[in-house]
Amino acid sequence: RSATASGSGTMALSTDFARTGTQSLKIAKTGVGAGSGVVANLYAPVQPRRPFGARLYWKVPPFGSGNTQIFLQSWFVRLWDADTEAAVPRWSDLAFSSEDTPTINMAAGQDWTPLTLSTMRADVNVGHAGYAPEWATHMLITINLANAAAGFTMFIDDLFANAL
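Note that the structure is predicted; figures quoted are calculated from it, not measured.

### Here's the deal with the overall build of the protein
- A tally of helices and strands in the protein yields zero helices and 12 strands.
- Helices and strands appear in the protein in the N-to-C order β-β-β-β-β-β-β-β-β-β-β-β.
- By residue count, 44% of the 164 residues in the protein fall in the buried class.
- Counting only contacts in the protein whose residues sit at least 6 apart along the sequence, the fraction spanning at least 24 positions is 77%.
- Accessible area for the protein stands at about 8,000 Å²; split by element, carbon and sulfur atoms hold 50% of it.

So this is what it looks like as structure tokens:
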């Protein structure tokens, strides 16, 4: 499994919060605010033509005021190479699987919340509902923070991914 961040953000292990153990994955938006792109990518290998599921827990500590929305999506991809200089996976072929778009009250934050992604819950219009496409090598879980303010942070813990 691997992870990358793009845009104006960072991603690293942190001891600030943990659901279990002593660390979680911290994703922070360092850009200029809402509208500036930050996408964290988590990759898990899949077996073609097999059902697949993943579960993770996410947390947003209180920060500022108002509401913001984050976009949690899953895609099937074929990883074909890695840019060894930048350590960024490169992929071709992309197929949407599912999404969740929670709205967060920033003054209150959001305690550890489960997110379940499964081919069994995939959008029925995608053409491969129920299983990973024949060409897929990985499930890509994207966490898009484009609507969040600069300084926004969230934490990911207890990621589990497996063929069903």
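Next comes the rest of the description.
### Some thoughts on the confidence of the model for the protein
- With 76% of its residues at a pLDDT of 70 or more, the protein has an overall mean of 79.
- Confidence, read as mean pLDDT per element, is least for strand β1 (residues 2–7) in the protein (58) and greatest for strand β3 (residues 24–29) (92).

### What about the environment of histidine 138?
- Looking at the element boundaries, histidine 138 is found in strand β11 (residues 138–144).
- In this structure the C-alpha to C-alpha distance between histidine 138 and valine 46, which are 92 residues apart in sequence, comes to 4.9 Å.
- Ignoring anything within four residues of it in the chain, the contact list for histidine 138 reads Tyr43, Ala44, Pro45, Val46, Trp75, Phe76, Val77 and Leu79.
- For histidine 138, the side chain forms a polar contact with the side chain of threonine 137, separated by 2.9 Å.

### Comments concerning the pattern of salt bridges
- As enumerated under the stated definition, the model contains four salt bridges in all.
- Glutamate 134 is the partner of arginine 49 in a salt bridge, and the nearest nitrogen-oxygen pair spans 3.9 Å. Of this pair, arginine 49 sits in the loop between β4 (38–45) and β5 (52–60) while glutamate 134 sits in the loop between β10 (110–118) and β11, placing them 85 residues apart in sequence.
- On the basis of relative accessibility, which here comes to 57%, the residue glutamate 134 falls in the exposed class.
- For aspartate 111, the salt bridge is made with lysine 59, and the minimal N-O distance between the two is 3.1 Å. One end of the pair, aspartate 111, is in strand β10; the other, lysine 59, is in strand β5, and 52 residues separate them in sequence.

### Describing the side chain of threonine 153
- With respect to the helices and strands, the residue threonine 153 is situated in strand β12 (residues 153–163).
- Classification of threonine 153 by relative accessible area gives buried; the value is 17%.
- Discounting residues that sit within four places of it in the chain, threonine 153 has contacts with Lys26, Ile27, Ala28, Val60 and Pro61.

### Points about the packing of aromatic side chains
- Using the criterion set out here, one finds one aromatic pair in the structure.
- In this arrangement the basic side chain of arginine 19 is found over the ring face of tyrosine 57, its NZ or CZ atom lying 3.5 Å from the centre.

### Regarding the nonpolar core
- Core analysis: the biggest nonpolar cluster contains 31 residues, and Trp58, Ile143, Leu145 and Met154 have the highest contact counts within it.
- Contacts of methionine 154, omitting those with residues within four sequence positions, involve Leu25, Lys26, Ile27, Trp58, Lys59, Val60, Ile70, Ile143 and Leu145.

Calculation notes
Sequence order as written defines the numbering, with residues in each chain counted from 1. Local features in a predicted model are, by the rule used here, given only for residues with pLDDT of at least 70; side-chain atom pairs are given and counted only at 80 or more, and totals for whole chains, interfaces and linings are based on all residues. Excluded from the side-chain calculations are hydrogens and water; all other atoms, namely the structure's heavy atoms, are used. Secondary structure elements are taken from DSSP: a helix is a run of H or I of four residues or more, a strand is a run of E of two residues or more, and numbering for both begins at the N terminus. Whether a residue is buried, partly exposed or exposed follows from its accessible area with a 1.4 Å probe, protein chains only, as a fraction of its type maximum: under 20%, in between, or over 50%, in that order. Whether two residues are in contact is decided by their heavy atoms, any of which lying within 4.5 Å being enough. To measure how exposed things are, a 1.4 Å probe is used in the Shrake-Rupley method; for residues, cover is taken only from the protein chains shown. Note on scores: pLDDT gives the predictor's confidence for each residue, bounded by 0 and 100. Definition of a polar contact: a pair of N or O atoms within 3.5 Å, with one able to donate and the other able to accept a hydrogen when the atoms are protein atoms, and with sequence-neighbouring residues admitted only if both atoms are side-chain atoms. Throughout this description, the term salt bridge denotes a Lys or Arg side-chain nitrogen within 4 Å of a carboxyl oxygen of Asp or Glu. Here a pair means two rings of Phe, Tyr or Trp (six-membered ring of Trp) with centres within 6.5 Å. Their orientation is stacked below 30 degrees between planes, edge-to-face above 60, and tilted elsewhere. Only Lys NZ and Arg CZ are tested; either one counts as a charge over a ring when it is within 6 Å of the ring centre and within 35 degrees of the ring normal. We define the nonpolar core as a collection of buried residues of types Ala, Val, Leu, Ile, Met, Phe, Trp, Tyr and Cys that are connected through side-chain atoms lying within 4.5 Å of one another.

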